[in-house]
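So the chains spell out like this:
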Amino acid sequence: MTNKVLYVSKGGNTEKLARAIAKGANVKAEAITPDIKLENIDTLFLGGSIYAGKVDGKVSDFLKQMTADQVKRVVVFGTAAGKKTALAEVKTLCEEKNIKVCDEEFFCKGSFLFINLGCPSRDSLKQAEIFAANMLKR
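Residues numbered from 1 in each chain as written. Predicted model: local features only at pLDDT ≥ 70, side-chain atom pairs only at ≥ 80, totals over all residues. Heavy atoms only, no water.

Residues in a regular strand point their side chains to alternate faces of the sheet. Counting buried positions along strand β3 (residues 41–47) yields 7 of 7 residues, so the element is predominantly enclosed. Two elements, strand β1 (residues 3–7) and β3, share 5 bridges in a ladder whose sense is parallel. By the bridge assignment, Val 5 is partnered in β3 with Phe 45. (Buried < 20%, exposed > 50% of the residue type's maximum accessible area, 1.4 Å probe, protein only. Helix = DSSP H or I, 4+ residues; strand = E, 2+ residues; numbered from the N terminus. Pairing = 2+ DSSP bridges.)

So, about the nonpolar core. Nonpolar side chains in soluble globular proteins tend to be buried together. Grouped together as the largest cluster of nonpolar side chains are 23 residues, with contacts concentrated most on Leu 44, Leu 46, Phe 62, Leu 63, Met 66 and Val 74. At the level of elements, β3, α2 (57–65), β6 (71–80) and α3 (87–95) are the ones that each hand at least two residues to this core. The greatest single-element share of this core, amounting to 4 residues, is contributed by α3. With near-sequence residues (within four places) excluded, Leu 44 lies in contact with Lys 4, Leu 6, Phe 62, Met 66, Val 71, Arg 73, Val 74 and Val 75. By size, the runner-up hydrophobic cluster in this structure holds 18 residues, among which are Leu 17, Ala 22, Phe 45 and Met 135. (Core = buried A, V, L, I, M, F, W, Y, C linked by side-chain atoms within 4.5 Å. Contact = heavy atoms within 4.5 Å.)

Shown next, in the form of structure tokens:
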């Protein structure tokens, strides 16, 4: 099985979470770049944050180019200063292409300016690691 952890992070919160997810999945976390190669991925842990009520544009652009023969299943994770998560938007973009998106996601608060200082917490990062390991058992 091939698993991958990809993310977009502007302030570093989602990157911290990606590293914890990667530890639980026993892979390396990689930032999404134009040259990322996707081949035969069983589970793609995909991380991104919410900005102005929408998932980061780099994440949506990446998903628009992804195909069902590259990735079997996507598991969403991310951070935000508010309560909205990326799951619904990612699901919409992936399901249009017949890519399965897990109904479960890992979401925690991320710090932004003076909001949620200290987030993601050590406890959240440990929970993210456990979440990833558990998702691969399913």
